[in-house]
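# An overview of the molecular structure
The residues making up each chain are set out below.
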Amino acid sequence: MTEKEAILDFMMGERMKAALIVATQMNMLIEGLPEHEKAGGNRVFSTFLRSLYRDIGLAHKISPQESWVKIREELDGSLVMVDSKVSHGAMDNLSRAITFATTISNKAMTFLKEKGLL
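The following paragraphs examine the structure supplied in this document. (Residues numbered from 1 in each chain as written. Predicted model: local features only at pLDDT ≥ 70, side-chain atom pairs only at ≥ 80, totals over all residues. Heavy atoms only, no water.)

Within the fold, Ser-67 resides in helix 3 (residues 66–83). Among the residues examined, Ser-67 registers a relative accessible area of 10% and is labelled buried. With near-sequence residues (within four places) excluded, Ser-67 lies in contact with Phe-100 and Ile-104. (Helix = DSSP H or I, 4+ residues; strand = E, 2+ residues; numbered from the N terminus. Buried < 20%, exposed > 50% of the residue type's maximum accessible area, 1.4 Å probe, protein only. Contact = heavy atoms within 4.5 Å.)

Following the criterion strictly, the structure yields zero aromatic pairs and no others. Here the basic side chain of Arg-72 rests over the ring of Tyr-53, its NZ or CZ set 4.1 Å away from the ring centre. (Phe/Tyr/Trp six-rings, centres within 6.5 Å; stacked < 30°, edge-to-face > 60°. Lys NZ or Arg CZ within 6 Å of the ring centre and 35° of its normal.)

Turning to the side chain of Thr-24, a few remarks are in order. One can find Thr-24 in helix 1 (residues 3–31). With sequence-adjacent residues up to four places away left out, Thr-24 is seen in contact with Met-91, Leu-94 and Ile-98.

At a minimum axis distance of 10 Å, the contact between helix 1 and helix 2 (residues 35–62) shows a crossing angle of 170 degrees. On the basis of their axis angle, the class for helix 1 and helix 2 is roughly antiparallel. Our pair here, helix 1 against helix 2, has a crossing hand that is left-handed. Residue-level contacts link Leu-8, Met-12, Arg-15, Met-16, Ala-19, Leu-20, Val-22, Ala-23, Met-26, Asn-27, Ile-30 and Glu-31 of helix 1 to Lys-38, Gly-41, Asn-42, Val-44, Phe-45, Phe-48, Leu-49, Leu-52, Asp-55, Ile-56, Ala-59 and Ile-62 of helix 2. Taken together, the residues of the contact of helix 1 with helix 2 sort by class into 17 nonpolar, three polar and four charged. (Axes fitted to C-alpha atoms, helices over the stretch in contact; angles between N-to-C directions. Parallel < 35°, antiparallel > 145°, perpendicular 65-115°, else oblique. Left-handed = near helix turned anticlockwise from the far one by under 90°. Nonpolar A, V, L, I, M, F, W, Y, C, P; charged D, E, K, R; others polar.)

Worth remembering: the numbers are spatial, not functional.
The following block contains the structure:
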């Protein structure tokens, strides 16, 4: 890993972690909506997850790591649940995706600390 890759990994990992935490909050909010509002909530949630999916593709191009692929796989699972109108089933996938994003950030932060840049 180069210093540039570590900085980008740290930045993208933290950004993705924050966005995934927002996704879990959105997921919980949708569960509390009245039935007649859930379809609209699911559409917004699906659109949000798809935007994260594109961001992960960019991050993977910048720094090809297996963890980015794993996050995408977890988002795939989440999208299947949301598109199947069982958004509550997406929570496990989102939790695992947060773990992978945290791992990316932690590796990058450790590298940068060892280089004396943090």
